[in-house]
Amino acid sequence: MTTIVDTDLLSDLKKFGAADVSACFSCGTCTATCPLSDNDGTFPRRMIRYAQVGMKDELLSSKELWTCYHCGLCSDSCPTEADPGEFMAAARRYAVASYDPTGLSRILYTRPVIGSLIAVAVAAFFAVFMYASHGPQDAAALTLFDFVPEELIHWTGIAVMVVMVIAGVVGVVTMARGVARREGITLSSTLGGRAALGRSVAALWSSLGIESVGQRRYREDCKDDSPAEPLYRRRWLIHALSIWGFLGLLGATILDWGLALTGVKETGTPIPLWYPSRLLGTIAGISLVYGVSMFMVNRARHINRAAAQSTASDWLLLILLWITGASGFFIEVALYLPDAPAWGYWVFLFHVAVAMELMLLLPFTKFAHAMYRPVALFFFALAKDKSKQTA
Ligand code: SF4
Ligand code: SF4
């Protein structure tokens, strides 16, 4: 790998929130403190070294970038105030922006005023677009899909999903190609033959099942709660509830759509609380609103070093997630009220507009780590397996 030195790397990283790491003299205290430093004893200070000497490609192709949980333990112990924990977070923001060819992610992270204006404009666009085709408001029963036509929501949702998937795939492929080249992993070494396939499946299980869904390292290794917080306030649980809640809501929407497609029920018809898609949606919604509310409270209270250094883009993501979850509950309440309240229609329009915006912006915000982290963990598992074989 030819090394190209980028003399602007350090100043660019500062725009994404990194502290002045030029004072870091690679003492290794952060490495000794970090609960995840279990490989060659250079994590996380090697990342800082890359930034100091302008090794942009090496930084962006480091799978280690995505393993950090931003607990802040390393920052508390750093003798030079280089704030390595925040540096790692800033480097991840920088990486998300670098994998995004549109430049939107960079604007959201580094230009908070313009980013906020874009966010408001996107939500307003979806609301006006939906309202332009609105139908009547039935005062006897909430006929939400007569007010905002189901077909319009369906096809707008598909278009938003296509943009989201394309943006996500472009980012993940860019990231994965860089890491694979760096690690010497090729398509044939992951898919060529039964043994290689077996190793890849095991790595996939470790990455998606054990780590991403089970949050094993977050739960066991990253003990940042000191003194220990009660379970309902632990960071890993708040994080897990937010992710599971979001995925559950997505699942409930797809399930509802599938039931309508197969003729089991019509979209928008009243269903009891125990109905599978409604039950899943309700439980997932509670998880999401609780998790995101706790994240917001912790950030507002600066409960730890990580929470104290939020960017406008981080807040935007939390606000969009919260509004989507909470407005969904208001719609549910409106549906069960005896006299169809007129406000139910407006909350529904607002909910649909914000949910569309959320889906559209996901690959450009902090949520993108939900795509990059499993890929990095997949490469970690493969590398671990490789080192076992050569040992
Ligand atoms: S970031 Fe701080 S603790 Fe880590 S190596 Fe540099 S000076 Fe030492
Ligand atoms: S923030 Fe925590 S997980 Fe990340 S490098 Fe520092 S000590 Fe390790």
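Residues numbered from 1 in each chain as written. Chains lettered and ligands numbered in written order. Predicted model: local features only at pLDDT ≥ 70, side-chain atom pairs only at ≥ 80, totals over all residues. Heavy atoms only, no water.

### Notes on the overall build of the chain
If you tally the helices and strands in the chain, you get 19 helices and zero strands. Taken over C-alpha atoms, the radius of gyration comes to 23 Å for the chain, in line with the 21 Å a tight globule of 391 residues would show. Taking the principal axes of the C-alpha coordinates as reference, the chain spans close to 70 × 50 × 40 Å. A buried classification covers 48% of the 391 residues belonging to the chain. Taking as baseline every contact in the chain between residues at least 6 positions apart, the subset at least 24 positions apart corresponds to 74%. Surface summary for the chain: the accessible area is close to 18,900 Å², and the carbon and sulfur share equals 67%. In the chain, 33 positive and 32 negative side-chain charges are present, and the distance between their average locations comes to 8 Å. (Helix = DSSP H or I, 4+ residues; strand = E, 2+ residues; numbered from the N terminus. Rg over C-alpha atoms; globule rule 2.2 N^0.38 Å. Buried < 20%, exposed > 50% of the residue type's maximum accessible area, 1.4 Å probe, protein only. Contact = heavy atoms within 4.5 Å. Areas by Shrake-Rupley, 256 points an atom, 1.4 Å probe, with all protein chains shown as cover. Lys, Arg positive; Asp, Glu negative; His and termini not counted. Charge placed at Lys NZ, Arg CZ, Asp CG, Glu CD.)

### Examining the packing of aromatic side chains
Scanning the model with the defined rule gives 15 aromatic pairs in all. A centroid spacing of 5.4 Å and a plane angle of 80° characterise the contact between Phe147 and Trp346, whose relative ring orientation is edge-to-face. Of this pair, Phe147 sits in helix 9 (residues 144–147) while Trp346 sits in helix 18 (residues 343–361), and the two are 199 residues apart along the sequence. Grouped by ring-pair contacts, the aromatic residues Tyr131, Phe147, Tyr345 and Trp346 constitute a single cluster. The side chain of Lys63 reaches across the aromatic face of Phe380, ending 4.7 Å from its centre. (Phe/Tyr/Trp six-rings, centres within 6.5 Å; stacked < 30°, edge-to-face > 60°. Lys NZ or Arg CZ within 6 Å of the ring centre and 35° of its normal.)

### Things to note about the site of ligand 2
Close to ligand 2 lie Cys34, Pro35, Leu36, Phe43, Pro44, Cys68, Tyr69, His70, Cys71, Gly72, Cys74 and Gly85, which account for all nearby residues. Classifying every residue of the shell around ligand 2 gives nine nonpolar, three polar and no charged. (Near = heavy atom within 4 Å. Nonpolar A, V, L, I, M, F, W, Y, C, P; charged D, E, K, R; others polar.)

### So, the domain arrangement of the chain
Domain boundaries assigned for the chain yield domain 1 (9–99) and domain 2 (104–390). Summarising the inter-unit geometry, the C-alpha centres of domain 1 and domain 2 are found 27 Å apart. In total, domain 1 and domain 2 occlude about 2,900 Å² of area from one another, counting both sides; carbon and sulfur atoms represent 59% of this. On the surface where domain 1 and domain 2 come into contact, there are two salt bridges. Between Glu183 and Lys63 there is a salt bridge, with the nearest N and O atoms lying 3.1 Å from each other. Scanning the region where domain 1 abuts domain 2 turns up eleven residue pairs in polar contact (both at pLDDT 80 or more). When residues of the side of domain 1 that touches domain 2 are traced back to their parent elements, those giving at least two are helix 1 (9–15), helix 3 (45–53), helix 5 (73–77) and helix 6 (84–99). The element that contributes the greatest number of residues to the side of domain 1 that touches domain 2 is helix 6, accounting for six residues. Counted by class, the side of domain 1 that touches domain 2 contains twelve nonpolar, seven polar and eleven charged residues. (Domains from an automatic or database assignment. Buried area = accessible area lost by both parts, 1.4 Å probe. Salt bridge = Lys/Arg side-chain N within 4 Å of Asp/Glu carboxyl O. Polar contact = N/O pair within 3.5 Å; in protein donor to acceptor, adjacent residues only side chain to side chain.)

### Some thoughts on the packing of helix 8 (residues 112–131) against helix 18
The interhelical angle for the contact between helix 8 and helix 18, taken along N-to-C directions, is 130°, at an axis separation of 9 Å. Relative to helix 18, the element helix 8 lies oblique. In the crossing of helix 8 with helix 18, the sense of the turn from one axis to the other is right-handed. Touching Ala119, Val120, Val122, Ala123, Phe126, Ala127, Met130 and Tyr131 of helix 8 are Trp346, Leu349, Val352, Ala353, Met356, Glu357 and Leu360, all from helix 18. Here the residues of the contact of helix 8 with helix 18 sort into 14 nonpolar, no polar and one charged. (Axes fitted to C-alpha atoms, helices over the stretch in contact; angles between N-to-C directions. Parallel < 35°, antiparallel > 145°, perpendicular 65-115°, else oblique. Left-handed = near helix turned anticlockwise from the far one by under 90°.)

### Details of the site of ligand 1
Near ligand 1, the surroundings consist of 13 residues, among which Cys24, Cys27, Gly28, Cys30 and Cys78 are the closest. Of all elements in the fold, only helix 2 (29–33) and helix 3 reach the threshold of two or more residues within the shell around ligand 1. A class-by-class count of the residues in the shell around ligand 1 yields eight nonpolar, four polar and one charged.

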